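Here's the letter readout for the chains.
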Amino acid sequence: MDYSINFSILNSGYIAELYDRFLADPMSVEPAARKFFKDWPTPSEPASTGKVHPSLIDVDKIVGVANLAQAIRSFGHLAAHIDPLGMPPTGDPSLEPATYGLDEADVLNLPASLVGGPKSRQSGNALEAIQALRQVYSSTIGFDYEHIRLPEERAWLREAAENGNYRPPAIPMDPIRLLERLTKVEVFEQFLNRFFPGKTRFSIEGVDMLVPMLDEIIIDAGDADFCTAAIGMGHRGRLNVLAHILSKPYAQIMAEFKDPGNNYTAIHGNSWTGDVKYHKGASRAILGEEEIKIVVILPANPSHLELINPVLSGMARAAQSVVDAPGTPRVFPKATLPIQIHGDASFPGEGIVAESLNMSRLPGYQTSGTIHIITNNQLGYTTPPSQGRSTLYASDLAKGFEIPIIHVNADDPQACIEAARIAFAYRLRFQKDFLIDLVGYRRYGHNEGDEPGFTQPVLYEKIENHPTVRKIWADHLVSQIMVEESWPDKLMQENNQELKEILDNLSPEKENLIPQPTGQIHKDHIGSSTHVDAGLLQALNQSILEVPEGFTVNRKLERPRQRWRNALLKIDEPLIEWAQAETLALASILSDRVAIRMTGQDVERGTFSQRHAVLHDAVNGQAYIPLQNIPQARAAFEIQNSPLSEAAALGFEYGYNIFDSSRLVIWEAQYGDFFNNAQSIIDEFIVSGKAKWEQKSSLVLLLPHGYEGQGPNHSSARPERFLQQALETNLRIANCTTAAQYFHLLRLQAGSFKKDPLPLVVFTPKSLLRHPRVASSLRDLSEGSWIPILDDPASTDQKGAVRRLVLCSGKLAVDLADSEARSNAHEVAVVRVEQLCPFPSEEIQRVLSQYPAVDEVVWAQEEPENMGAWAYIQPKLVNLVGNQLPIRYIGRSVSPSPSEGSLSWHQINQKVLIDQVFKSGLKMLEPDHGMQRG
Ligand SMILES: Cc1ncc(C[n+]2csc(CCOP(=O)(O)OP(=O)(O)O)c2C)c(N)n1
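In this text the structure is predicted, and so the values were computed from the model without any measurement.

**Topic: the site of the ligand**
The local shell around the ligand holds 15 residues, among which H235, D344, A345, S346 and H446 are the closest. Here an oxygen atom of the ligand sits 3.0 Å away from a polar atom, N or O, in the side chain of N377.

Structure follows, in structure tokens:
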């Protein structure tokens with residue numbers, strides 16, 4: 001047993017036992033305990049006699065003081081004065097001496113050493129030490145770190161709180177500079193309020209300290225040799241952060257308020273919309289004495305609160321990943337410091353926050369720690385915390401991820417700066433997330449046209465009479481005789497004057513002239529060579545099938561691996577299946593010096609057990625990643641099973657990709673339809689990011705799709721969702737049907753990064769992964785290229801006989817080719833639209849022109865009529881041939897759900913669909929036709 005004093009398990013029995021040991025043999029207890037007992041009165045009789053031990057009368061008090069000290073450390077935040085508006089803290093009985101049977105005199109008469117920690121060393125008795133501890137834990141800062149599991153971190157946090165030695169050598173805060181900064185923050189908002197009354201700006205007022213805190217963190221990061229700091233934030237205070245942290249010129253912001261309209265044409269094109277001022281991003285290099293100290297980045301984001309979180313993390317991860325050499329990417333954590341600013345209503349309310357926090361320590365996702373700041377204005381629009389969350393604090397969600405938390409009163413600048421310093425120091429020391437709950441208020445309504453008195457009349461009366469933090473700090477400096485009484489006002493006037501001069505001299509037409517992107521796309525890479533020399537493909541194939549000596553491949557994988565081995569032996573045999581074509585494409589892309597990152601749920605193996613990009617030694621479980629080890633590779637390869645998330649997982653990849661769109665970043669959905677959990681990421685970033693912010697992405701989405709009787713889910717990756725928003729300037733969409741087409745598509749994407757990065761959505765097969773009709777030959781890969789429209793091979797010799805030209809896409813084309821009816825239907829040609837967007841009009845024209853006798857064009861699809869590609873294709877077909885030929889739809893009729901819930905019902909309908917393509921007059925079976933579900 002260790003006879004040292006453990007303050008965290010103090011109880012009277014334990015102390016008594018320790019004291020008895022001390023009396024029997026002082027050397028049998030540890031030095032701290034010896035010192036502790038040395039001043040105790042010696043009992044007249046040994047405790048072992050069983051009589052009342054005289055010192056035990058004090059033991060309860062001693063234990064009480066020790067437990068009180070412990071409670072203050074754990075729960076002192078409950079009594080901290082963190083609300084600038086003076087709402088009394090909730091408190092907790094464990095923080096009251098009476099709970100331990102103590103009064104002030106008891107505590108006064110006990111030694112300070114009972115309290116432990118740095119404060120006890122500076123105190124004459126336990127009372128002084130307890131008071132000092134309350135100053136630390138229950139003043140304007142609430143340290144909330146009891147949930148941290150690792151003792152080393154807890155000890156560090158305790159030391160940081162109580163000793164302040166978290167930042168050696170401590171650089172004292174500059175109080176004058178702080179006043180200057182707070183003056184800038186306040187004057188800017190008030191100026192905008194005065195000259196642009198009622199215009200939405202989502203004022204920072206009430207959490208003004210955010211700007212000096214960011215100053216502190218960014219400068220600390222620069223001092224610690226971080227290359228960049230990347231800030232993710234919503235609307236609140238964003239203009240102020242843009243002006244004062246990103247140095248966006250005041251003139252430009254004012255010009256945006258004026259919004260002169262010189263930059264726009266009446267009917268805008270289809271490629272550029274721009275965005276409102278409080279969604280825009282910026283970057284800035286902060287100069288040191290001789291060189292750039294640090295670069296600060298604030299990416300653009302949509303109104304959707306918290307959606308930027310995973311995007312920012314992805315950007316940070318990309319910045320930290322060095323990918324120019326083969327193998328796994330090398331991670332350089334000091335490349336960037338991620339900082340995320342949250343709202344107090346959105347942090348607990350929006351699920352993407354939890355999804356994103358869950359990534360913070362995952363391999364492939366972690367960014368060595370994000371500093372989070374909740375700008376807690378104690379309201380969400382009109383909703384008070386009592387209606388907005390089920391937790392005491394806005395920050396409580398972070399506890400589950402073991403993120404230390406500081407609650408700090410936004411009216412105490414010193415405390416705020418201390419919080420910022422501790423946050424950064426912790427991040428530096430442990431490379432983990434830290435959260436600051438900056439508790440303030442909101443001076444105006446949700447936006448500046450909003451009347452807060454409708455819903456919070458009492459609160460807003462209080463706020464109206466509440467001094468600004470600048471004023472509080474200015475008064476403090478005056479009272480400390482640090483500045484002259486008149487100086488704060490003079491500073492205000494100077495700042496106002498500066499802004500007024502800018503406004504007076506503003507020519508908004510000029511300042512607002514951000515060149516408007518043309519949105520032009522470069523089509524010249526389409527049709528560019530994507531084939532790979534057959535010899536190189538064979539060599540790559542051999543490399544991807546190699547394993548290190550002594551590595552035991554799972555027995556069940558031997559057969560498919562043998563298939564892959566044989567598939568490239570003969571040039572014309574179509575034996576290369578989908579996943580092999582994918583692996584060969586990736587291997588060849590790596591050999592072209594393009595780095596690859598691939599993620600998604602279970603991608604390492606592949607949902608359909610098709611990929612096996614990571615092999616696990618059957619004996620010892622050790623992982624081996626062939627694509628990281630092929631000798632032909634010239635860039636890094638990374639593949640990661642993602643956490644079970646779509647929104648944050650996809651947002652992360654988007655962020656990773658926009659940081660450097662010349663890396664091939666692939667995200668695969670488990671089944672295609674699950675992407676709709678990430679619909680907001682798709683709408684707000686992937687589809688429209690380029691039009692709003694000129695943010696170029698080359699992200700690839702693989703969405704397993706196809707009707708196989710699995711029910712309303714797992715059948716459709718809902719192509720309609722993408723097609724509805726697809727233009728040739730924002731998306732490429734493919735639903736291809738052969739392994740070779742997929743091979744060329746991936747290579748085309750990797751080859752188009754420089755000229756024309758665009759996101760690519762691919763509807764990928766499930767059961768067709770190993771289907772012989774989908775397999776391709778070595779010649780297909782080594783000589784072919786991406787073909788947007790695949791003509792019907794069955795009609796090659798009989799084009800003149802064809803009366804019905806059926807266009808379709810994806811698995812249905814294979815089902816049609818497989819159908820028994822195919823061989824006798826000479827009047828029908830089935831043409832595959834492999835590329836849905838950009839819509840290949842010319843190619844369709846060309847194919848059509850080869851069928852002189854066609855008297856109808858049909859679009860056939862598996863999806864119900866209100867889904868799939870029909871609504872997208874129909875007007876395009878009308879445009880192409882509408883004045884010459886009738887255009888007809890064959891497929892399931894409209895439905896609220898993508899497919900039937902029964903396999904046999906699916907089979908019946910699928911058969912009818914195929915029959916309709918080749919015959920005529922059949923109708924789909926629906927429940928209201930009296931059809932029984934199978
Ligand atoms: C995803 C999403 N839902 C709803 C809104 C509309 N909205 C804008 S601000 C706001 C309140 C946000 O409160 P909080 O998170 O506390 O941030 P604050 O504006 O108070 O700083 C709401 C609901 C939004 N912007 N995003």
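That was the structure; now back to the text.
**Quick notes on the sheet that holds strand β17 (residues 732-734)**
Strands sit in the order β14-β11-β15-β16-β18-β17-β22 across an open sheet of seven strands; the sheet is mixed. At either end of the open sheet lies a strand with only one pairing partner, and these are β14 (637-641) and β22 (835-837). Averaged over neighbouring strand pairs, the angle between their axes works out to 20 degrees when direction is ignored. As defined by bridge partners, strand β16 (residues 700-704) adjoins strand β18 (residues 760-764) across five bridges and the pair is classed as parallel. Paired with P704 across the two strands is T764, which belongs to β18.

**Notes on helix α31 (residues 841-849)**
Buried within α31 we find I844, V847 and L848. Buried residues of α31 fall within an arc of 100 degrees about the axis and therefore sit on the same side. Facing away from the buried surface of α31 by more than 90 degrees, the exposed residues are E842 and S849. In the core, the buried residues of α31 are packed alongside β19 (789-790), β20 (804-808), β21 (828-833), β23 (856-860) and α32 (870-881).

**Observations concerning the packing of helix α6 (residues 126-137) against helix α7 (residues 151-163)**
Where α6 meets α7, the axes come as close as 9 Å, and the angle between the chain directions of the two elements is 105 degrees. As the angle between them shows, α6 and α7 are arranged roughly perpendicular. Note on element contacts: α7 touches α6 through R158, A161 and E162, opposite L133, V136 and Y137. Each residue belonging to the contact of α6 with α7 can be placed in one class, and the counts come to four nonpolar, no polar and two charged.

**Things to note about the packing of helix α8 (residues 175-195) against helix α19 (residues 487-504)**
Packing of α8 against α19 leaves a shortest axis separation of 9 Å and a crossing angle of 45 degrees. Comparing the axis directions of α8 and α19 gives the class oblique. The interaxial crossing formed by α8 with α19 has right-handed handedness. Residues I176, L179, E180, T183, K184, E186, V187, F188, Q190, F191, R194 and F195 of α8 touch α19, and the partners they reach there are W487, P488, L491, M492, N495, N496, E498, L499, K500 and L503. Class assignment for the residues of the contact of α8 with α19 results in 12 nonpolar, four polar and six charged.

**Describing the side chain of N376**
By the element assignment, N376 lies in strand β8 (residues 371-376). The residues touching N376, leaving out its near neighbours within four places in the chain, are V207, D344, A394, D437, L438, V439, G440 and Y441.

**Re the pairing of strand β11 (residues 596-600)**
In terms of residue burial, β11 counts as a mostly covered element, since five of its five residues are buried. Burial along β11 is two-sided: the face carrying I596, M598 and G600 and the face carrying R597 and T599 are both buried. The pairing of β11 with β14 spans five bridges and is parallel. The partner of G600 across the bridge, within β14, is N641. Relative to strand β15 (residues 664-668), β11 runs parallel, the two sharing five bridges. The residue of β15 that forms the bridge with T599 is W667.

**Considering the nonpolar core**
L214, I218 and L438 are the most contacted members of the largest nonpolar core, which has 102 residues in total. Ranked by residues supplied to this core, first place goes to helix α16 (residues 413-430) with 11 residues. Core analysis: the next-biggest nonpolar cluster, separate from the first, contains 70 residues, V311, F675, I681 and V831 among them.

**Some thoughts on the sheet that holds β21**
Here we have five strands laid out as an open sheet, ordered β19-β21-β20-β23-β24, and mixed in their pairing. In this open sheet, the two edge strands, each paired with only one partner strand, are β19 and β24 (887-890). With five bridges joining them, β20 and β21 adopt parallel strand pairing. Within β21, the residue paired with C808 across the bridge is R832. Its contacts with the sheet place α32 against β20, β23 and β24, and it is angled at close to 160 degrees to β24.

**Observations concerning the state of the cysteines**
Counted under the stated rule, the structure contains zero disulfides. With no disulfide of its own, C808 has C736 as its nearest cysteine by sulfur position, at a separation of 13 Å. For C837, which is in no disulfide, the shortest distance to another cysteine sulfur is to C736 and amounts to 15 Å. C837 gets classed as buried once you look at its relative accessible area, which sits at 1%.

**With respect to the confidence of the model for the protein chain**
On average, residues of the protein chain carry a pLDDT of 91, and 91% of them reach 70 or more. Counting contacts from residues 45-56, a segment whose pLDDT is below 50, to residues more than four positions away or on other chains yields 12 contacts. Taken as a whole, residues 927-934 scores under 50 in pLDDT and shows 12 contacts with residues more than four places along the chain or in a different chain.

**Description of the pattern of salt bridges**
When the charged atoms of two side chains with opposite charge come close together, those side chains can pair. Tallied over the entire structure, the rule returns 47 salt bridges. Note that E205 is salt-bridged to R201, the shortest N-O span being 3.3 Å. We note that E205, like R201, is buried. Two residues, D504 and K500, come together in a salt bridge whose shortest N-O distance is 2.9 Å. One end of the pair is D504 and the other is K500, both in helix α19 and four residues apart, which spans about a single turn.

**Observations concerning the packing of aromatic side chains**
For the coordinates displayed, the defined rule picks out 22 aromatic pairs. Centre to centre, the rings of W156 and Y426 are 5.8 Å apart; their planes meet at 65 degrees, and the pair counts as edge-to-face. Here Y426 lies in helix α16 and W156 lies in helix α7, a separation of 270 residues in the sequence. As far as the burial class goes, W156 and Y426 line up, both buried. Ring centres 5.5 Å apart and planes at 85 degrees place the aromatic pair F608 and Y671 in the edge-to-face group. One end of the pair, F608, is in the loop between β11 and β12 (615-616); the other, Y671, is in the loop between β15 and α25 (679-687), with 63 residues separating them in the sequence. Members of the aromatic cluster, each reached through a chain of ring pairs, are W156, Y426, F430 and F434.

**Looking at the pairing of strand β4 (residues 292-298)**
Both strand β2 (residues 228-232) and β4 contribute to a ladder of three bridges, which runs parallel. Its bridge partner lying in β4, A229 is registered against V296. Alignment of strand β3 (residues 282-287) against β4, held across six bridges, turns out to be antiparallel. Paired with A285 across the two strands is V295, which belongs to β4. Hairpin connection of β3 to β4: four residues between the antiparallel strands.

**Some thoughts on the environment of W156**
By relative accessible area, W156 is classed as buried at 16%. Each C-alpha atom, one on W156 and one on Y426, is 8.4 Å from the other, the two residues being 270 residues apart in sequence.

**Focus: unusual backbone geometry**
Going from C837 to P838, the amide bond is cis rather than trans, its omega being -5 degrees. Locating P838 in the fold gives a position in the loop between β22 and α31. In this structure, F202 is a non-glycine residue whose phi angle is positive, near 50 degrees. By the element assignment, F202 lies in the loop between α8 and α9 (210-223). The class of F202 is buried, set by a relative accessible area of 8%. Of note, the phi angle at I481 is positive, near 55 degrees, even though the residue is not glycine. Inspection of the secondary structure assignment puts I481 in the loop between α18 (469-479) and α19. By relative accessible area, which is 75% here, I481 ends up exposed.

Reading the values: rules and limits
Residues numbered from 1 in each chain as written. Predicted model: local features only at pLDDT ≥ 70, side-chain atom pairs only at ≥ 80, totals over all residues. Heavy atoms only, no water. Near = heavy atom within 4 Å. Polar contact = N/O pair within 3.5 Å; in protein donor to acceptor, adjacent residues only side chain to side chain. Pairing = 2+ DSSP bridges. Helix = DSSP H or I, 4+ residues; strand = E, 2+ residues; numbered from the N terminus. Axes fitted to C-alpha atoms, helices over the stretch in contact; angles between N-to-C directions. Buried < 20%, exposed > 50% of the residue type's maximum accessible area, 1.4 Å probe, protein only. Arc of directions from axis to C-beta. Contact = heavy atoms within 4.5 Å. Parallel < 35°, antiparallel > 145°, perpendicular 65-115°, else oblique. Nonpolar A, V, L, I, M, F, W, Y, C, P; charged D, E, K, R; others polar. Left-handed = near helix turned anticlockwise from the far one by under 90°. Core = buried A, V, L, I, M, F, W, Y, C linked by side-chain atoms within 4.5 Å. Disulfide = S-S within 2.5 Å. pLDDT = per-residue confidence, 0-100. Salt bridge = Lys/Arg side-chain N within 4 Å of Asp/Glu carboxyl O. Phe/Tyr/Trp six-rings, centres within 6.5 Å; stacked < 30°, edge-to-face > 60°.

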